[in-house]
Amino acid sequence: IAARTGRQLRAVHQRHHESLHFTVPTSTVELTAWGLRLHNCLASYASAMAEQRSWLIGIERDDALVGCVEVVPSSGAVRQALGARNRPLTPGVHATAVQFLREQGVIRTSS
């Protein structure tokens with residue numbers, strides 16, 4: 001993870017919380033692979049990720065990528081939290097992810 005991503009993202013990268021595993025993409029290749037696994041357009045967020053306009057946090061359960069949370073770094077707001085094919089995360093995954101990311105200082109506003 002690049003130094004400029006901040007301690008918040010380093011605090012969640014490769015961390016487990018309850019039944020979920022959180023990870024941060026470390027390259028555009030990895031982000032592209034996430035998009036293929038989730039059947040969505042995550043690859044198109046590469047420049048936003050590199051320019052720190054978006055923080056992207058992957059969510060895995062049982063070794064499978066189940067979703068991604070996009071956070072606006074300047075405000076700490078969740079821009080989107082979606083699963084495969086841009087469907088909403090299940091309520092339990094969403095609640096657990098938001099709670100954990102808030103506790104780690106990644107999310108600073110209500111979501």
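Summary of the structure given here. The model shown is predicted, which means the values in this text are computed figures rather than measured ones. (Residues numbered from 1 in each chain as written. Predicted model: local features only at pLDDT ≥ 70, side-chain atom pairs only at ≥ 80, totals over all residues. Heavy atoms only, no water.)

1. Focus on the pairing of strand E5 (residues 77–83)
Link 1 in the chain: In terms of strand pairing, strand E4 (residues 64–72) meets E5 through six bridges, oriented antiparallel. If you follow Val-72 over to E5, its bridge partner there is Ala-77.
Link 2 in the chain: Counting the residues in the hairpin turn of E4 and E5 gives four residues, including Gly-76, whose phi is positive at 75 degrees. (Pairing = 2+ DSSP bridges. Helix = DSSP H or I, 4+ residues; strand = E, 2+ residues; numbered from the N terminus.)

2. Let's talk about the pairing of E4
Link 1 in the chain: The element E4 is largely enclosed, with a buried count of seven among its nine residues.
Link 2 in the chain: Looking at chain direction, strand E3 (residues 55–61) and E4 are connected through seven bridges and run antiparallel. From the neighbouring strand, Arg-61 faces E4, where its bridge partner is Ala-64. (Buried < 20%, exposed > 50% of the residue type's maximum accessible area, 1.4 Å probe, protein only.)

3. Brief notes about the sheet that holds strand E2 (residues 20–23)
Note: strands within a sheet are paired through backbone hydrogen bonds, in either parallel or antiparallel orientation.
Link 1 in the chain: Within the open sheet, the five strands sit side by side as E1-E2-E3-E4-E5. Their pairing is antiparallel. Each edge of the open sheet carries a strand with a single partner, namely strand E1 (15–17) and E5. Strand-to-strand twist in this sheet, taken as the mean axis angle between neighbours without regard to direction, amounts to 25 degrees.
Link 2 in the chain: Relative to E2, E1 runs antiparallel, the two sharing three bridges. Paired with Arg-15 across the bridge in E2 is Phe-22.
Link 3 in the chain: Against the sheet, helix H2 (residues 28–38) touches E2, E3, E4 and E5, its axis set at about 120 degrees to E4.
Link 4 in the chain: Where helix H4 (residues 91–103) meets the sheet, it contacts E1, E2, E3, E4 and E5, and its direction lies at approximately 50 degrees from that of E2. (Axes fitted to C-alpha atoms, helices over the stretch in contact; angles between N-to-C directions. Contact = heavy atoms within 4.5 Å.)

4. A word on the environment of Asp-63
Link 1 in the chain: For Asp-63, the position within the fold is in the loop between E3 and E4.
Link 2 in the chain: What makes Asp-63 exposed here is its relative accessible area of 78%.
Link 3 in the chain: In this structure the C-alpha to C-alpha distance between Asp-63 and Leu-20, which are 43 residues apart in sequence, comes to 9.2 Å.

5. A look at unusual backbone geometry
Of all residues except glycine, most have a negative phi; of all peptide bonds, most are trans.
Link 1 in the chain: Non-glycine residue His-39 carries a positive phi angle of around 55 degrees.
Link 2 in the chain: Topologically, His-39 is positioned in the loop between H2 and helix H3 (46–50).
Link 3 in the chain: For His-39, a relative accessible area of 47% gives the class partly exposed.
Link 4 in the chain: Although it is not a glycine, Arg-85 adopts a positive phi angle of roughly 55 degrees.
Link 5 in the chain: Here Arg-85 falls in the partly exposed class, since its relative accessible area comes to 47%.

6. Quick word on the nonpolar core
Most often, soluble globular proteins have nonpolar side chains that are buried together.
Link 1 in the chain: Val-12, Phe-22, Ile-57, Ile-59, Val-71, Leu-101 and Val-106 are the most contacted members of the largest nonpolar core, which has 19 residues in total.
Link 2 in the chain: If you tally residues by element for this core, the top one is H4, at five residues.
Link 3 in the chain: The contacts of Leu-101, once residues within four sequence positions are left out, are Val-12, Phe-22, Ile-57, Val-69, Val-106 and Ile-107. (Core = buried A, V, L, I, M, F, W, Y, C linked by side-chain atoms within 4.5 Å.)

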